[in-house]
Amino acid sequence: MKEIDSDIEKIIAGCLKNDRLSQRQLYDRYSSELFGLCRRYSSSDEEAEDLLMEGFMQIFKNLGSYQHKSAFGTWVTSVMLNFAISHFRNSSRFRMEILTENMELLENVDEEEQIRTNLVADQLLQLIQQMPEAMRVVFNLKAVDEYSFTEIAQMLDKKENAVRNSYMRGRKWLMERLKLEKD
Amino acid sequence: MNTIKDLLKEHSKSPSEDVWERLSGRLDVEMPTGKSSSWSNLSVAKKTVIGVVSGLLVLGGVTLGALAYHPDRSSKPNDLAVLESMDKIEEVIESEVVEPKVVVEEAPAEELPVVKEVKPVVENPAPEEVPAQEVSNKTEKAPVKQNVKQEVLPANSTLAKQLAEDPVLKNLSDGSVDWSKPTQLRIPNLFTPNGDGVNDLFVIEGLDQYTSPKLIVRDKNGRVVYQSNNYQNTWGGRDCPEGIYYYEFTFFYNGIENQATGRVRIIRT
């Protein structure tokens, strides 16, 4: 996102004083992009909105710890992503899925190979939202946010094998349905 | 053809205006305008001082502890330095930190013994007014020992039509449920506190498997309308007008904390 530095600094300063107008401006500037993030991690747009709202509370609460070491947009995104991850980590449904996954290794799909589709963004997003929760979170972290399996295992406090399996399963799940969509 | 990654990185939709309204309501409660946030308002310099001094305090504490066992107190000057810096910290804290006032409305946690209403699906297969709700963004069903046939609303009833069109209530299942998984719970996305004895309460099925069940419910303005640290399926939406509410249900299972969040609609017809 393109940012004009002095603009952002004013907004941040206002937000630190709990000025509602500045907070609104910050929200307006980043809500669309962050909503996109929330949508692809969530199972519905309603859930995504709930996540977005709570995530922005975290952004406002932690604004004082922004140290200007990275671009503000990057910082905002990482707060939201971290919040989403911890939300899902604690989610009972996420936990139940990982627990019930069987651990056998699937055949080794090339994890780097890009999946392509003719679907438009919104159609694909709706499909992703239907993925089982743990599978969807892992898929996003790996295929879209491009974290390594090691990093993902740490973020989710899971064994790396379980994460790999989840990812392979997610790709398989998706590709089966993309084939169906083609017909 | 586009890659999955590129497509998923596109953001074409904006959140509804509700989101800002809820956010703004929460900010009013938790970070009121006019009072600066205590931590974020301190300048980086002061925070560094506090950080360093806190670090010294820890070291000082360790040193003092160690000294207790060593009669030769040759490091006395360090003790004094630590004590002096402790005074400084207190000064800084008193003048800079303002505790944000958090106003939380608390409905009294209703203390009731295990309520029969939790069990009707098992003991008394009475028809439920609403079909078994399996909403995609909710956690799953409860462990019930016998299969219960749940009646579905007649398709031409007003309520059924309303539910079918309601964007919040899509994905209602046809009533077939899998009771085989004991660790799952079932949270409704709707209840109807109209005094008819059916779905008058917000009942979380499977609740009794978990310890420390906590429930917080907020309205569309982000205000807490109900809160309980030991939820026993007794909330009936008292004083809550019709509409959508947002819950946070936290519980322990096998010593691990879990959370389920979502929306529930109150309909009073």
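About the criteria used
Residues numbered from 1 in each chain as written. Chains lettered and ligands numbered in written order. Predicted model: local features only at pLDDT ≥ 70, side-chain atom pairs only at ≥ 80, totals over all residues. Core = buried A, V, L, I, M, F, W, Y, C linked by C-beta atoms within 7 Å. Buried ≥ 20, exposed ≤ 12 C-beta atoms within 10 Å, placed from the backbone. Domains from an automatic or database assignment. Contact = placed C-beta atoms within 7 Å. Pairing = 2+ DSSP bridges. Helix = DSSP H or I, 4+ residues; strand = E, 2+ residues; numbered from the N terminus. Nonpolar A, V, L, I, M, F, W, Y, C, P; charged D, E, K, R; others polar. pLDDT = per-residue confidence, 0-100. Axes fitted to C-alpha atoms, helices over the stretch in contact; angles between N-to-C directions. Parallel < 35°, antiparallel > 145°, perpendicular 65-115°, else oblique. Left-handed = near helix turned anticlockwise from the far one by under 90°.

(A) Representation of the nonpolar core within the structure. The biggest cluster of nonpolar side chains holds 48 residues, and the ones touching the most others in it are Cys38(A), Leu52(A), Met80(A), Ala84(A) and Val138(A). Both domains that meet at this core, namely domain 1 (5-90) and domain 2 (93-182) of chain A, each give it at least three residues. Leaving out residues up to four positions away in the same chain, Leu52(A) has contacts with Ser31(A), Leu34(A), Phe35(A), Cys38(A), Pro15(B) and Val19(B). Formed by 23 residues, the second largest nonpolar core is a distinct cluster that contains Leu190(B), Val217(B), Tyr226(B) and Val264(B).

(B) Layout of the sheet that holds strand E3 (residues 211-218) of chain B. Residues and elements named next belong to chain B. Taking strand neighbours across the sheet as the criterion, the 5 strands line up as E2-E6-E5-E3-E4 in an open arrangement whose pairing is mixed. Looking at strand neighbours, the two that pair on one side only are strand E2 (190-191) and strand E4 (224-228), the edges of this open sheet. Note: E3 against E4, 4 bridges, orientation antiparallel. Residue Arg218 lies in a different strand from E4, and its bridge partner there is Val224.

(C) Quick look at the interface of chain B and chain A. On the side of chain A, 44 residues touch chain B, which itself brings 44 residues to the contact. Of all the secondary structure elements, the ones that give two or more residues to the side of chain B that touches chain A are strand E1 (2-3), helix H1 (4-9), helix H2 (17-30) and strand E6 (256-266) of chain B. Here the side of chain B that touches chain A gets 7 residues from one element, more than from any other, and that element is H2(B). In the side of chain B that touches chain A, the residues fall into 15 nonpolar, 20 polar and 9 charged. When strand E1 (residues 116-117) of chain A meets E1(B), the two strands line up antiparallel, connected through 2 bridges. When the bridges of E1(B) are listed, Arg116(A) appears paired with Thr3(B).

(D) Highlighting the confidence of the model for chain B. All names here are of chain B. When pLDDT is averaged across chain B, the result is 65; 44% of the residues are at 70 or more. No element of chain B has a lower mean pLDDT than helix H5 (residues 120-123), at 32, and none a higher one than E4, at 97. When the criterion is pLDDT under 50, residues 65-153 qualifies, and its contacts beyond four places in sequence or with other chains add up to 136 contacts. Throughout residues 166-182 the model reports pLDDT below 50, and contacts reaching past four residues in sequence, or to other chains, amount to 32 contacts. Across the whole predicted complex the pTM is 0.66, and at the interface the ipTM reaches 0.88.

(E) Expanded view of the pairing of strand E5 (residues 243-253) of chain B. Residue and element names in this part refer to chain B. When E3 meets E5, the two strands line up antiparallel, connected through 6 bridges. Looking at E5, one finds that Arg218 is bridged to Tyr246. With 11 bridges joining them, E5 and E6 adopt antiparallel strand pairing. Within E6, the residue paired with Phe249 across the bridge is Ala260. Where E5 hands over to E6, the hairpin turn is made up of 2 residues, of which Asn254 adopts a positive phi near 55 degrees.

(F) A look at the packing of helix H2 (residues 20-41) of chain A against helix H3 (residues 45-62) of chain A. Residue and element names in this part refer to chain A. Remark: H2 packs on H3, axes separated minimally by 9 Å, with the N-to-C direction vectors making an angle of 135 degrees. Relative to H3, H2 is oriented oblique. The hand of the H2/H3 crossing is right-handed. Along its contact with H2, which presents Gln23, Tyr27, Ser31, Leu34, Phe35, Cys38 and Arg39, the element H3 presents Asp45, Ala48, Leu51, Leu52, Gly55, Phe56 and Phe60. Along the lines of polarity and charge, the residues of the contact of H2 with H3 split into 9 nonpolar, 3 polar and 2 charged.

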